[in-house]
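A look at the structure
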Amino acid sequence: IFVGLALSAMLFAPCFSASAQQPGKVSRIGCLLPNASSDPTTESRLDGFRKGLRDLGYNEGKNIAIEYREGKNIAIEYRFAEGKLDQLPRLAEELVRLKVDVIVTGGNEAIRASKKATSTIPIVMAFSGDPVGTGFVASLARPGGNITGLTSISQELVGKRLEILKDAVPQVLHVAMF
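Thresholds, definitions, all that
Residues numbered from 1 in each chain as written. Predicted model: local features only at pLDDT ≥ 70, side-chain atom pairs only at ≥ 80, totals over all residues. Heavy atoms only, no water. Core = buried A, V, L, I, M, F, W, Y, C linked by side-chain atoms within 4.5 Å. Buried < 20%, exposed > 50% of the residue type's maximum accessible area, 1.4 Å probe, protein only. Helix = DSSP H or I, 4+ residues; strand = E, 2+ residues; numbered from the N terminus. Contact = heavy atoms within 4.5 Å. Arc of directions from axis to C-beta. Pairing = 2+ DSSP bridges. Axes fitted to C-alpha atoms, helices over the stretch in contact; angles between N-to-C directions.

Nonpolar side chains tend toward joint burial in soluble globular proteins. Counting residues in hydrophobic clusters, the biggest one holds 17 residues, and the most contacted among them are L32, L88, I103 and I147. Mapped onto this core, the elements with two or more residues apiece are α5 (88-97), α6 (108-117) and β4 (123-125). A per-element tally of this core places α5 first, with four residues. Excluding its chain neighbours within four sequence positions, the residues that come into contact with L32 are R79, L88, L91, A92, L95, I103, V104, T105, G106, A110 and S114. Judged by nonpolar contacts, the second largest core, of 13 residues, contains L46, L53, V104 and V124.

Buried within α6 are the following residues: A110, I111, A113 and S114. Taken down its axis, α6 places every buried residue within 160° of arc, on the same side. Summarising the contacts, the buried residues of α6 are in contact with β1 (27-33), α5, β3 (102-105), β4 and β5 (147-149).

Moving on, we get to the sheet that holds strand β2 (residues 74-80). Read across the sheet, five strands follow the order β2-β1-β3-β4-β5 without closing on themselves; strand pairing throughout is parallel. Whereas interior strands pair on both sides, the edge strands pair on one side only; in this sheet they are β2 and β5. Taken over all neighbouring pairs, the strand axes of this sheet differ in orientation by 25° on average, direction set aside. As judged from the seven bridges shared by β1 and β2, these two strands associate in the parallel manner. Looking across to β2, one finds that S27 is bridged to I74. Contacting β1, β2 and β3, helix α3 (residues 40-55) runs over the sheet at an angle of about 165° to β2. Along the sheet face, α5 touches β1, β2 and β3 and points at about 180° away from the line of β1.

Following this line, the structure appears as structure tokens:
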């Protein structure tokens, strides 16, 4: 999951690379999560996300007024549903009203709420089981719309994964998937 968050950071970095070069411009990331902010899993995922951003040269500032002078070039607006999934639409709309440059989220409910809240702000899925099956994207090859990101598994990829496994280990006769 840490790798997924870092990859998500790389996916949306181009979304505001040009604006990061403008003097005084601080790019704003909306981070919408269904879990509680104090959840250990959430904390470790956010640590991985921040590390991925730092590895790409982006630094989170705490005070927008002095961020640019200190070389910090992003502000992250965190919104946590604290396990109350019915709060996700309201939180997604709040991020849209704040005019964030990109929304990073994960989990079907949070992705769905973000998609309903905006069709123009880029949405990066940190993880999704089947973005095609849920209707978040048109296809993996051509997602269309404003959503991109990572998927953990998709029926479209099962055959290709088995083909790659057979090429890598030709003597394999049986494969089990969980």
